[in-house]
Amino acid sequence: MSRLLGAFWDVYYQLRDALGAPDEPPADVARRHRDIYTAVLKGDVDAAVAAVHAHFEGVRNRTARIGG
């Protein structure tokens, strides 16, 4: 997991200027992180997967804009 997240951040830092600012306010980003954390603590795999997907939706939207 650590290597996967490291690879994500490597790519993110290479693209961050092209990606621009996040589409959502910092409080929403923090909530998404908290949702992931809470689901993992509870051992709720389905909720954790859903929370990770929701968290990365903004990044996917931003990368789609620079790719198109």
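Residues numbered from 1 in each chain as written. Predicted model: local features only at pLDDT ≥ 70, side-chain atom pairs only at ≥ 80, totals over all residues. Heavy atoms only, no water.

(A) Here's a closer look at helix 2 (residues 26-42). If you check helix 2, its first and last C-alpha atoms are 24 Å apart, about what 17 residues at 1.5 Å a residue would give, namely 24 Å. Restricting attention to buried positions, one finds in helix 2 the residues R32, I36 and A39. Each buried residue of helix 2 sits inside an arc of 70° when the element is viewed along its axis, so together they form one side. In helix 2, the exposed positions that point more than 90 degrees away from the buried face belong to P26, A27, Y37, L41 and K42. (Helix = DSSP H or I, 4+ residues; strand = E, 2+ residues; numbered from the N terminus. Expected span 1.5 Å × (residues − 1). Buried < 20%, exposed > 50% of the residue type's maximum accessible area, 1.4 Å probe, protein only. Arc of directions from axis to C-beta.)

(B) Fine view of helix 1 (residues 2-19). Y13 marks where helix 1 bends most, by close to 40°. Positioned one or two residues after helix 1, G20 has a phi angle of 75°, which is positive. (Bend = angle between axes of the 7 residues up to and from the residue.)

(C) Seen up close, the side chain of E24. Secondary-structure assignment places E24 in the loop between helix 1 and helix 2. Here R32 takes part through its side chain, which lies 3.0 Å from a polar atom of the side chain of E24. The residues touching E24, leaving out its near neighbours within four places in the chain, are V29 and R32. (Polar contact = N/O pair within 3.5 Å; in protein donor to acceptor, adjacent residues only side chain to side chain. Contact = heavy atoms within 4.5 Å.)

(D) Expanded view of the environment of G20. If you trace the backbone, G20 turns up in the loop between helix 1 and helix 2. Relative accessible area serves as the criterion here: at 33%, G20 is assigned to the partly exposed category.

(E) Expanded view of the packing of aromatic side chains. Overall, the coordinates contain 6 aromatic pairs when judged by the stated rule. Geometrically, the ring pair formed by F8 and Y12 is stacked, given 5.9 Å between the ring centres and 25° between the ring planes. Separated by 4 residues within a single helix, F8 and Y12 lie in helix 1, roughly one turn from each other. What makes F8 partly exposed here is its relative accessible area of 22%. One aromatic cluster is present, built from ring pairs that chain together F8, W9, Y12, Y13 and F56. (Phe/Tyr/Trp six-rings, centres within 6.5 Å; stacked < 30°, edge-to-face > 60°.)

Interpretation note: all reported values are geometric properties and have no functional meaning in isolation.
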